[in-house]
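# Structural features, examined
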Amino acid sequence: MMKITKVLVLLSLVVVMYEYRYRLLNGLLGVAVIRRFVVGNSLKFPGLRNKLFSSFLS
């Protein structure tokens, strides 16, 4: 019985997070330290970096 309750709570948490995903993402990226970390790490991917810089420079 306890296992079913845990699964239901986890499933409902996932549904709520999916429903409010953009609001959560905006809240997280509103913090300068987290935003700097995400942007800095995303620029480590060569394909993404090349795509971004080619669109900035053209």
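Predicted model only: the values in this text are computed from it and were never measured.

Rules used in this analysis
The residue numbering used here restarts from 1 in each chain and proceeds along that chain's sequence as written. Side-chain atom pairs in this predicted model are given and counted only at pLDDT of 80 or more, local residue features only at pLDDT of at least 70, and totals for whole chains, interfaces and linings cover all residues. Side-chain metrics in this entry use all non-hydrogen atoms of the structure; hydrogen atoms and water are not considered. Helix and strand assignments come from DSSP, with helices taken as H or I runs of at least 4 residues and strands as E runs of at least 2, each series counted from the N terminus. Only C-alpha atoms enter the radius of gyration; for comparison, a globular chain is expected to reach 2.2 Å times N to the power 0.38, where N is the number of residues. The classification of residues rests on relative accessible area computed with a 1.4 Å probe and restricted to protein chains. Under 20% of the type maximum is buried, over 50% is exposed, and intermediate values are partly exposed. The Shrake-Rupley method, run with a 1.4 Å probe, gives the accessible areas here. Residue values count only the displayed protein chains as cover. Only heavy atoms enter the contact rule, under which two residues are in contact if any of them lie within 4.5 Å. Only centres within 6.5 Å qualify two rings of Phe, Tyr or Trp (six-membered ring in Trp) as a pair; their planes then separate them into stacked at under 30 degrees, edge-to-face at over 60, and tilted for everything else. Lysine NZ or arginine CZ positioned within 6 Å of the ring centre and within 35 degrees of the ring normal marks a charge as sitting over the ring. For patch detection, residues must exceed 30% relative accessible area and be free of salt bridges, and they are connected within 9 Å for like charges or within 5 Å for nonpolar side chains (Val, Leu, Ile, Met, Phe, Trp, Tyr). The term salt bridge refers to a side-chain nitrogen of Lys or Arg lying within 4 Å of a carboxyl oxygen of Asp or Glu. Per-residue confidence from the predictor is reported as pLDDT, which spans 0 to 100.

The subject of this paragraph is the overall build of the protein. Secondary structure summary: the protein contains four helices and zero strands in total. Starting at the N terminus and walking to the C terminus, you meet the elements of the protein as α-α-α-α. By the compact-globule yardstick of 10 Å for 58 residues, the protein is too spread out, its C-alpha radius of gyration being 18 Å. In terms of overall dimensions, the protein has a C-alpha envelope of 60 × 25 × 20 Å along the principal axes. Out of the 58 residues in the protein, the part that is buried amounts to 0%. Per element, the accessible surface of the protein, about 5,600 Å² overall, is 74% carbon and sulfur.

A word on the environment of L29. Secondary-structure assignment places L29 in helix 2 (residues 21-29). Look at L29 and you get partly exposed, because its relative accessible area is 30%. For the pair L29 and V39, spaced ten residues apart in sequence, the C-alpha to C-alpha distance is 9.7 Å. Dropping the residues within four chain positions of it, L29 is found in contact with R35 and V38.

All right, on to the packing of aromatic side chains then. In total, this model carries zero aromatic pairs according to the counting rule given. Positioned over the ring face of Y18 is R21, at 4.1 Å from the centre of the ring.

What follows deals with a nonpolar patch on the surface. On the surface, L10, L13, V14, V16, M17, Y20 and L24 cluster together into a nonpolar patch covering about 640 Å² of accessible area. Ranked by the residues each element gives to the nonpolar patch, the list is headed by helix 1 (residues 2-19), at five residues. As for its position among the elements, L13 is in helix 1.

As a further point, take the confidence of the model for the protein. Looking at the protein as a whole, its pLDDT mean stands at 90, while 98% of the residues score no less than 70. Considering each helix and strand of the protein separately, the mean pLDDT is smallest for helix 4 (residues 46-57), with a value of 79, and largest for helix 1, with 96.

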